[in-house]
Amino acid sequence: MLQNKTLLITGILTDKSIAYHSAKIAIDNGATVIATGFGKGLRITERAVKRLSEDIKVYEMDIQNPQQVEEAVNSVKESHGTIDGILHAIAFSPTEAMGGNFMNTELEDAMTSFEVSAFSLKTLAKGFQPIMNNPSSIVALDFDNSQAWPGYDWQGVAKSGLQSIVRYLAYYLGEDGIRVNAVASGPLATTAAKNIPGFTSMEGEWDKKAPLGWDTKNPEPVAKVVNFLLSDFSEAVTGEVIHVDGGAHAIGGTMLPNK
């Protein structure tokens, strides 16, 4: 499905992450995968990708550092020429912006949430646009933000911004043949999720609410849809948010009576 495609995967930290499983499925389907990491996480990423392949190159890139983004683009161009797709798996909120602290969050902390978790998609897209093939695809990882999740707070606001950025990028990059979509995943027991206050209580309730059920320990269903969007099978899909959550987003209330 992804034969001869070169894909840039951000956010690979552990073998439990959506990014890791997306990379694994991409490789199984014929893609060449390259990755990014930064700071203390760079070594963690380098160790994680070795479980997938010894051939995966990891480039240092702090999305908040314009110079590092430019250097990463140049390095990828030098080594690979062009790329066919990107997975944006980047998100962060200061502790002051989550955990029920919504009303007391300072502007600086809210803006950090927005910059890293939402605006970074535009930063990534603009930076790599010159070396993206026509056609190509950008996929962002999302979480349902059509309602308020207590404790998720300003990260939820950032995810709302992320969805809007997906639509605007789809418009502005369409003429270059670049598709931009998001995958709204159900809750998964990833490293990032452990930092979300109230995640534990959400796990069981989600499975009860989802018509298809939901396994918080299995990122593969989400990774499969990511790979669909990165492939040519999604050639006419852009500006879309696809929910991969067992159907929970479509069901009102907290749980189904027959579950």
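The model shown is predicted, which means the values in this text are computed figures rather than measured ones.

**Quick look at the side chain of Arg-179**
Inspection of the secondary structure assignment puts Arg-179 in strand E6 (residues 178–185). No salt bridge is formed by the buried Arg-179. Its closest oppositely charged neighbour is Asp-232, at 4.7 Å. Among the polar contacts made by the side chain of Arg-179, one reaches the main-chain carbonyl oxygen of Ser-231 at a distance of 2.9 Å. Those residues in contact with Arg-179 that sit more than four places away from it in its chain are Pro-135, Ser-136, Ser-137, Ile-138, Leu-229, Leu-230, Ser-231, Ser-234, Glu-235, Val-237 and Thr-238.

**Section: the sheet that holds strand E7 (residues 241–244)**
With parallel pairing, 7 strands are arranged side by side in an open sheet as E3-E2-E1-E4-E5-E6-E7. For this open sheet the edge positions go to strand E3 (58–60) and E7, each flanked by a neighbour on one side alone. Sheet twist, expressed as the mean angle between neighbouring strand axes with direction ignored, is 20 degrees. In the packing of helix H7 (residues 220–230) onto the sheet, contacts are made with strand E1 (6–9), strand E4 (83–88), strand E5 (132–143), E6 and E7, and the angle to E6 comes to roughly 170 degrees.

**Section: the environment of Pro-221**
Within the fold, Pro-221 resides in helix H7. On the basis of relative accessible area, Pro-221 is assigned to the partly exposed category, the value being 34%. When the C-alpha positions of Pro-221 and Ser-185 are compared, they lie 9.2 Å apart, and in sequence the two are 36 residues distant.

Thresholds applied
- Residues numbered from 1 in each chain as written.
- Predicted model: local features only at pLDDT ≥ 70, side-chain atom pairs only at ≥ 80, totals over all residues.
- Heavy atoms only, no water.
- Helix = DSSP H or I, 4+ residues; strand = E, 2+ residues; numbered from the N terminus.
- Buried < 20%, exposed > 50% of the residue type's maximum accessible area, 1.4 Å probe, protein only.
- Lys, Arg positive; Asp, Glu negative; His and termini not counted.
- Salt bridge = Lys/Arg side-chain N within 4 Å of Asp/Glu carboxyl O.
- Polar contact = N/O pair within 3.5 Å; in protein donor to acceptor, adjacent residues only side chain to side chain.
- Contact = heavy atoms within 4.5 Å.
- Pairing = 2+ DSSP bridges.
- Axes fitted to C-alpha atoms, helices over the stretch in contact; angles between N-to-C directions.

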